[in-house]
There are 2 protein chains.
Amino acid sequence: MELFEAIVRRHSYRGAYLPQPVSREDLRKIVQAGLDAPSGCNGQTPTFVIVDDETVLSGLRALHTRNKAVQQARAFIACVIDKEPEAVFERFNFAVEDCAAAVENMLLAITALGYASVWIDGWLRLENHAETVGRLLGLPEGKIVRILLPVGIPERTEWPTPPKKAFEERVWFNRYGAAE
Amino acid sequence: MELFEAIVRRHSYRGAYLPQPVSREDLRKIVQAGLDAPSGCNGQTPTFVIVDDETVLSGLRALHTRNKAVQQARAFIACVIDKEPEAVFERFNFAVEDCAAAVENMLLAITALGYASVWIDGWLRLENHAETVGRLLGLPEGKIVRILLPVGIPERTEWPTPPKKAFEERVWFNRYGAAE
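Overview of the structure. Because the structure is a prediction, the values reported are computed rather than measured. (Residues numbered from 1 in each chain as written. Chains lettered and ligands numbered in written order. Predicted model: local features only at pLDDT ≥ 70, side-chain atom pairs only at ≥ 80, totals over all residues. Heavy atoms only, no water.)

### Focus on the interface of chain A and chain B
Next, step 1: Taken together, the contact pairs 74 residues of chain A with 74 residues of chain B.
Next, step 2: Together, A:Arg170, A:Asn174 and A:Tyr176 form the three largest contributors to the area buried by chain A at its contact with chain B, with a combined 13%.
Next, step 3: At the surface where chain A touches chain B, the tally comes to four salt bridges.
Next, step 4: Across the pair A:Glu97 and B:Arg146 runs a salt bridge, and its minimum N-O distance is 2.8 Å. (Contact = heavy atoms within 4.5 Å. Buried area = accessible area lost by both parts, 1.4 Å probe. Salt bridge = Lys/Arg side-chain N within 4 Å of Asp/Glu carboxyl O.)

### Observations concerning the pattern of salt bridges
Next, step 1: The tally for this structure, following the rule as stated, stands at 14 salt bridges over all chains.
Next, step 2: The partner of B:Arg24 in a salt bridge is B:Asp52, and the shortest N-O contact between them spans 2.8 Å. Here the residue B:Arg24 occupies a position in helix α2 (residues 24–35), and B:Asp52 occupies one in the loop between β1 (47–51) and α3 (54–61), the gap between them amounting to 28 residues.
Next, step 3: With relative accessibility at 33%, the residue B:Arg24 sits in the partly exposed group.
Next, step 4: On the basis of relative accessibility, which here comes to 22%, the residue B:Asp52 falls in the partly exposed class.
Next, step 5: Bridged by salt links that share partners, the residues A:Glu97, B:Asp121, B:Arg125 and B:Arg146 form one connected network. (Helix = DSSP H or I, 4+ residues; strand = E, 2+ residues; numbered from the N terminus. Buried < 20%, exposed > 50% of the residue type's maximum accessible area, 1.4 Å probe, protein only.)

### Some details on the relation of the copies chain A and chain B
Next, step 1: Taken as rigid bodies, chain A and chain B are interconverted by a rotation of 180° and an axial shift of 0.0 Å, the fit giving an RMSD of 0.0 Å. What the superposition gives is, in effect, a two-fold axis relating one chain to the other.
Next, step 2: Looking at the interface residues of chain A, 100% of them are also at the interface in chain B, so both copies use one shared face. (Least-squares fit on C-alpha atoms with pLDDT ≥ 70 in both.)

### Observations regarding the environment of B:Arg66
Residues and elements named next belong to chain B.
Next, step 1: Following the sequence through the fold, Arg66 ends up in the loop between α3 and α4 (68–71).
Next, step 2: Classification of Arg66 by relative accessible area gives exposed; the value is 66%.
Next, step 3: Along the primary structure Arg66 and Arg14 are separated by 52 residues, whereas in three dimensions their C-alpha atoms are 9.0 Å apart.

### A word on the pairing of strand β3 (residues 143–151) of chain A
Residues and elements named next belong to chain A.
Next, step 1: Most of β3 sits out of view: seven of its nine residues are buried.
Next, step 2: Pairing of strand β2 (residues 75–82) with β3, which is carried by eight bridges, proceeds in the antiparallel orientation. The partner of Ile81 across the bridge, within β3, is Ile144. (Pairing = 2+ DSSP bridges.)

### A look at helix α2 (residues 24–35) of chain A
Next, step 1: Between its first and last C-alpha, α2(A) extends 16 Å over twelve residues, near the 16 Å set by a 1.5 Å rise per residue.
Next, step 2: Three or more residues of α2(A) are buried, namely A:Asp26, A:Leu27, A:Ile30, A:Val31, A:Ala33, A:Gly34 and A:Leu35.
Next, step 3: Buried residues in α2(A) make contact with β1 (47–51), β2 and α5 (95–112) of chain A together with α1 (3–9), α7 (167–170) and β4 (171–173) of chain B. (Expected span 1.5 Å × (residues − 1).)

### Quick notes on the packing of aromatic side chains
Next, step 1: Counted according to the given criterion, the structure contains six aromatic pairs over all chains.
Next, step 2: Ring centres of B:Tyr13 and B:Tyr17 lie 5.7 Å apart, and the angle between their planes is 45°; on these two criteria the pair is classed as tilted. Considered together, B:Tyr13 and B:Tyr17 belong to a single accessibility category, that of buried residues.
Next, step 3: By the ring-pair criterion, three or more aromatic residues cluster together here, those being A:Tyr13, A:Tyr17 and A:Trp159.
Next, step 4: For the cation-ring pair, B:Arg24 lies above A:Phe173, with the distance from its terminal atom to the ring centre recorded as 3.7 Å.
Next, step 5: Against the face of A:Phe92 rests B:Arg125, its NZ or CZ located 5.1 Å from the ring centre. (Phe/Tyr/Trp six-rings, centres within 6.5 Å; stacked < 30°, edge-to-face > 60°. Lys NZ or Arg CZ within 6 Å of the ring centre and 35° of its normal.)

### Notes on the sheet that holds β4(B)
Next, step 1: Strand order in the open sheet formed by four strands is β3(A)-β2(A)-β1(A)-β4(B), with mixed pairing between adjacent strands. Pairing within the sheet leaves two strands with one partner each, and these edge strands are β3 of chain A together with β4 of chain B. Each strand axis lies, on average, 20° off the axis of its neighbour in the sheet, ignoring direction.
Next, step 2: Relative to β2(A), β1(A) is paired through five bridges, and the arrangement is antiparallel. Following the sheet pairing, A:Ile50 is matched in β2(A) by A:Ile77. (Axes fitted to C-alpha atoms, helices over the stretch in contact; angles between N-to-C directions.)

This is the structure we're talking about:
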């Protein structure tokens, strides 16, 4: 798929999935896109757990009470970082940025390959969800699931997307808030 | 350009640029890709200042003592967020993630359109660079430049990229660190 088409077609999908599984070939392609993302000082801080085993899938699906995409996910990709990332530049680390860039690449890859997903993030920080998911994935001490992506073929190819602000409301030339 | 080609070809470029300017049409296309990125709870927190005015360009170029791409940038895109972002979900905000996802989209767009860039981030946090850049761009109190992208046509199409870890070192199926 052409880049700009993938960017425009990507959207957060919280609906039902078709029963077809996601092939390992496609899962590898999607996560390779994540590995190909930039990382601060090439720190390559995120690691990934791909879930396609029915037992682990069932455990993850059961955790979310509302999101149908999670409840019916045919696969998951978990983006994992250190709970306390080491500094890679002066006193700074870029683990959150690294994760987000990798996830955006993966969402585009998911879209281009005919799947749909949604960036699960805040939910992980509530009610120890990240810790529960981490236990199901066998995470060692010191690691945490920062972002979780359900993957599957969407039952509905049309899905309502919330309105976005216009270009002129968020972008200016040469001076913040300048009139063109 | 095909999505996966753009993902693989994107790289951090710190070299010289050809003298050609970047057209406003292309700058708009690049930043629109940033606007099209997902944001936590659709908060759309980042805003953007595109720099293509020679006076502002000169001011920005002069700030970096080492990075040739910054010193010769034909345009810049600044990704701006609140210094203290409001919570959008429970007590959490996703401004950093929103910025990073938008920047990754823009880096892919930059690549697809034949330009090159590098994600400038940590440098902004040193020696008040973010504040100095913010003054040049007329940022209001409470806003800060989180990421800065120089843009131009790269003089060198080949540019050394640091080695990346193999898939097997960063990705596992169903259990963290599992052997296949």
